[in-house]
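Each chain, written out:
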Amino acid sequence: QDLYISGIIITLSLFFFFFHRVFFLKIIKKQGKKQYEFQEKKISIINEFYSSILDIKLLNKEKFFSKKMNLFSWKYQTANTIQSIINFVTRPVLETGSIILIVTIISYYLSAGKDFNEIIPFITLLTLSFIRILPSANSIIADINSYRFQSNQASLIINDLKNKNDNLDLISDIKNVHFNKS
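Residues numbered from 1 in each chain as written. Predicted model: local features only at pLDDT ≥ 70, side-chain atom pairs only at ≥ 80, totals over all residues. Heavy atoms only, no water.

1. Some points on the packing of aromatic side chains
Next, step 1: Within this structure, the stated rule accounts for 2 aromatic pairs.
Next, step 2: Note on Y109 and F122: the rings are 5.7 Å apart at their centroids and 90° apart in plane angle, and the pair reads as edge-to-face. In this pair, Y109 sits in helix α3 (residues 62-111) while F122 sits in helix α4 (residues 116-163), placing the two residues 13 residues apart along the sequence.
Next, step 3: For F122, a relative accessible area of 27% puts it in the partly exposed group.
Next, step 4: Of the aromatic side chains, those joined through ring pairs into one cluster are Y108, Y109 and F122. (Phe/Tyr/Trp six-rings, centres within 6.5 Å; stacked < 30°, edge-to-face > 60°. Helix = DSSP H or I, 4+ residues; strand = E, 2+ residues; numbered from the N terminus. Buried < 20%, exposed > 50% of the residue type's maximum accessible area, 1.4 Å probe, protein only.)

What follows is the structure in structure tokens.
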């Protein structure tokens, strides 16, 4: 019977892992890429604005640049908000899954003919283990989400640097820098 309970726990854990991988990781990667692109466009607009501030003032184009800046700032924040929502949702999903698991185990033992007083120690142990494991699992999942969100941005930055030959010399110079403690 304990093997059956272990099988249920492993099956539900794998289900949650695949559910997270299929649905959330694709969204996180997509939003990370969007955030990078919108941040890049926002910086580009700032550079354009400061490099041609005299022309913008003469032609009364302040509102145009302001609207473009607000649009990309809004899109950037939307990508950040989606990542925050996904990180926030994982905790209630984990807690709900653990409650469903506990109820399933209680139902299984009761249907197998065990008395409720016999399963209380096992349910107590299981509940205490969930109380200890869930914060760590939530932190691990949040870190994985953050990594996926930012890894896409890192690969885009590396590709941008590879496309610009001037920056490659700077990177090779940075790799050969050594610091001495005085």
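Moving on from the model shown.
2. Some remarks on the side chain of Q35
Next, step 1: Mapped onto the elements, Q35 comes out in helix α1 (residues 2-51).
Next, step 2: For Q35, the residues in contact, after removing those within four places along its chain, are Y76, A79, N80, F149 and Q153. (Contact = heavy atoms within 4.5 Å.)

3. Overview of the nonpolar core
Next, step 1: Residues I102, I105 and F130 are the most contacted members of the largest nonpolar core, which totals 15 residues.
Next, step 2: Breaking this core down by element, the ones donating at least two residues are α1, α3 and α4.
Next, step 3: With near-sequence residues (within four places) excluded, F130 lies in contact with S98, L101, I102 and P135.
Next, step 4: I45, F65, F72 and Y76 belong to the second-largest nonpolar core, a separate cluster that totals 6 residues. (Core = buried A, V, L, I, M, F, W, Y, C linked by side-chain atoms within 4.5 Å.)

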